[in-house]
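Fold and geometry: a report
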Amino acid sequence: MVQLMEKCTIGLDVAKIRADFPVLDQRINGYPLVYLDNAATTQKPWPVIDRIRDFYAHEYATVRRGVYSMSARATMAYDQVREQVAGFIHAASPHEIIFTKGTTEAINLVAYSYGRPFIGAGDEIIISAIEHHANIVPWQQLCQEKGAVLKVIPANEAGELLIDEYAKLLTDNTKLVAVNYVSNSLGTINPVKTIIDMAHERGIPVLIDGAQSAPHMAVDVQALDCDFYAFSGHKIYGPTGIGVLYAKMKHLEAMVPYQCGGDMIESVTFEHTTFAKPPHKFEAGTPPIAEVIGLGAAIDYLEKLGLNNIQAYENDLLAYGTEQLQQIEGLQIIGTAKHKASVISFVFPDIHPHDVGTILDQQGIAVRAGHHCTQPVMERFHIPATTRASFSFYNTHDEIDRLVEGLRHVIAVFR
Ligand code: 7TS
C-alpha cells in the first residue's frame, strides 16, 4: 500500500490501473500471475476489449466501400483513428499514417516500396548492432537482391551505440539509415535525434523502429524529423494484427505500392492502373477494421494516463528492479546503458535462461527466455540467450520482489 501511494506522486494510481486489466487477476500454477513479458506484448485493458466487442456487436461494417449508413459510420470511426494516431506521434497529417499488420510489416513495406526503387548496386544501408531481426533481415534481403551493402553501427559493452563509429560509416553511397529507438533485448534508448541529424546533414533518410519506444515514451516524429517511424498496436495495449507506418508525404508520393488490389487504386483498365493517393495507395484490400478501432481505444487509454507519467513510473520500476536484481549472487545484467527503458535482460553463469524461465513460470512469473529475435546481440555479448523481464505501468515493486524471490528459488534448485 505504501508502495502504491508512492506511485501516486508520479501521477498513476496503479491499483486502479490493474483493475482495468482482467488478465492480471488470475493464478498461474497456483500463484498470482506476475506478467513481466511486456516487451513481447502487452495485456489489454477493458476499454480496448469493450470497444472491440461493442464495435462488432453494434457497428461493424466494411469501410470506404458502402453507401449505407452503417458503412459510413464505420468509415468515420476508422478514419478518426488515423487522425488519432497522427496526433499520438504528432505527424503533420493523417495521410502520412499507413495501417500495417505491425512493425515487421511496416519495415518490410519500406524495404519494398522505398528500397526497391531507390536503392541499387553499390549503395549502402546502415543499421545497428542491436536491432531486432525485423530491422535486419528485410535490409539484408534487399542488399542481396540489389548488390547493395549492409553496414552496422557497433555497440559497446553496455549496449550503447558508438556514435563516432556511426559517423565513419556515413558515406556518399549511404541511401538509408534504419535503427531502433529502444532495443528490445537490452533496453538501450538510442540517441536517435543525433543519428537522424547526422544522416540528414548528408541528405540521407532515416527509419526509426519504434516498436519499443511507442509504449514507453511520448514521440514527436516532426521534432525528431525522422523519415519513417514504425510501431505495433499489440505492444501499446491494443490488438494484434495492427501496426503503423509513419512516413513523410514526399516519400509516400515517390514510393511504389507494396501490395496491389482493391482500395489502393484510382482507376483500373486491363491496360493500365493508376493508384490512389497515400495512405490508400499502401492499404490494399479490406483492412483490419476492428483492430484499427481497438488501436484507437488503446491510444485513448495511454493518453489518459499520460506518456510522461508512464515513463516516470516505469523508470522507477527499472531503477528498483535493477537495484534488486544486482543483489542476486551470480546474476549478470546484459545491457547497462545509461539511458534505458524498462527492460532487464540477465544471465547466470551456470543456469540456462530457458531453465530460469521455466522455474519462474512454475511460480506464476512470466518472463521471456531466448535470443529475443536479436541473435546478433547475443553474439555481441558471447551468450546464447538471456532471461528478460520487461515492465509495464501495471507492474509493481511487489511483483519485482516476487521475481527476486523466484530467482532465489531458481538458484536453490540448481545448487
Ligand atoms: N522491432 C523491435 C524493436 C521489436 O521489439 C519487435 C518485437 C519488432 C520490431 C517486431 O514487432 P512485431 O509486432 O511486428 O512482431 N519484439 C518482440 C520481443 O521483444 N519479443 O517478442 C516480440
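Look up a bit, the structure's there.
Summarised in this report is the structure supplied together with it. The structure displayed is predicted, hence computed values, not measured ones.

1. Some words on the overall build of the protein chain
Counting secondary structure elements, the protein chain contains 15 helices and 17 strands. Computed over its C-alpha atoms, the radius of gyration of the protein chain comes to 22 Å, within 12% of the 22 Å expected for a compact globule of 415 residues. For the protein chain, the spread of C-alpha atoms along the principal axes amounts to about 75 × 55 × 35 Å. A total of 415 residues make up the protein chain; the buried ones form 55% of that total. Pairs at least 24 apart in sequence give 72% of the contacts found in the protein chain among residues at least 6 apart. Put simply, the protein chain shows about 17,200 Å² of open surface, and 53% of that area lies on carbon and sulfur atoms. Each charge sign in the protein chain was given a centre, from 33 positive and 47 negative side chains, and these centres are 2 Å apart.

2. With respect to the packing of aromatic side chains
Applying the stated rule across the entire model yields 18 aromatic pairs. Both rings, one in tyrosine 301 and one in phenylalanine 393, keep their centres 6.4 Å apart while their planes meet at 35 degrees; by these two values the pair is tilted. Residue tyrosine 301 is found in helix α11 (residues 289–305), and its partner phenylalanine 393 is found in the loop between β17 (386–390) and α15 (397–414); the two are separated by 92 residues along the sequence. Across this residue pair, the class does not change: tyrosine 301 and phenylalanine 393 are buried. In this structure an aromatic cluster arises from ring pairing among Phe21, Tyr237, Tyr301, Phe393 and Tyr394. Over the ring of phenylalanine 381 we find arginine 380, and its NZ or CZ is 5.2 Å from the ring centre.

3. Remarks on the sheet that holds strand β16 (residues 368–370)
On the basis of which strands lie adjacent, the open sheet formed by four strands has the order β13-β14-β17-β16 and antiparallel pairing. Among the strands making up the open sheet, the edge pair consists of β13 (332–334) and β16. In this sheet, adjacent strand axes meet at a mean angle of 35 degrees when their direction is disregarded. The pairing of β16 with β17 spans three bridges and is classified as antiparallel. When the sheet's bridge partners are listed, arginine 368 is paired in β17 with arginine 388.

4. Looking at the site of the ligand
By nearness alone, 15 residues border the ligand, and Thr104, Asp209, Gln212, Ser232 and Arg368 come closest of all. Between threonine 104 and the ligand, the recorded distance is 2.6 Å, taken from a side-chain N or O atom to an oxygen atom. Contact distances for the ligand include 2.7 Å between an oxygen atom and a side-chain N or O atom of histidine 234. Expressed as a share of its isolated accessible area of 490 Å², the protein-covered part of the ligand is 87%. A breakdown of the residues in the shell around the ligand according to their chemical character gives four nonpolar, seven polar and four charged.

5. Description of α15
Compared with an ideal rise of 1.5 Å per residue, which puts 18 residues at 26 Å, α15 spans 26 Å between its outermost C-alpha atoms and is within 8% of the ideal. Along α15, the residues classified as buried are His397, Glu399, Ile400, Arg402, Leu403, Val404, Gly406, Leu407, Val410 and Ile411.

Calculation criteria
- Residues numbered from 1 in each chain as written.
- Predicted model: local features only at pLDDT ≥ 70, side-chain atom pairs only at ≥ 80, totals over all residues.
- Heavy atoms only, no water.
- Helix = DSSP H or I, 4+ residues; strand = E, 2+ residues; numbered from the N terminus.
- Rg over C-alpha atoms; globule rule 2.2 N^0.38 Å.
- Buried < 20%, exposed > 50% of the residue type's maximum accessible area, 1.4 Å probe, protein only.
- Contact = heavy atoms within 4.5 Å.
- Areas by Shrake-Rupley, 256 points an atom, 1.4 Å probe, with all protein chains shown as cover.
- Lys, Arg positive; Asp, Glu negative; His and termini not counted.
- Charge placed at Lys NZ, Arg CZ, Asp CG, Glu CD.
- Phe/Tyr/Trp six-rings, centres within 6.5 Å; stacked < 30°, edge-to-face > 60°.
- Lys NZ or Arg CZ within 6 Å of the ring centre and 35° of its normal.
- Pairing = 2+ DSSP bridges.
- Axes fitted to C-alpha atoms, helices over the stretch in contact; angles between N-to-C directions.
- Near = heavy atom within 4 Å.
- Polar contact = N/O pair within 3.5 Å; in protein donor to acceptor, adjacent residues only side chain to side chain.
- Nonpolar A, V, L, I, M, F, W, Y, C, P; charged D, E, K, R; others polar.
- Expected span 1.5 Å × (residues − 1).

Honestly, it's all geometry; don't read function into it.
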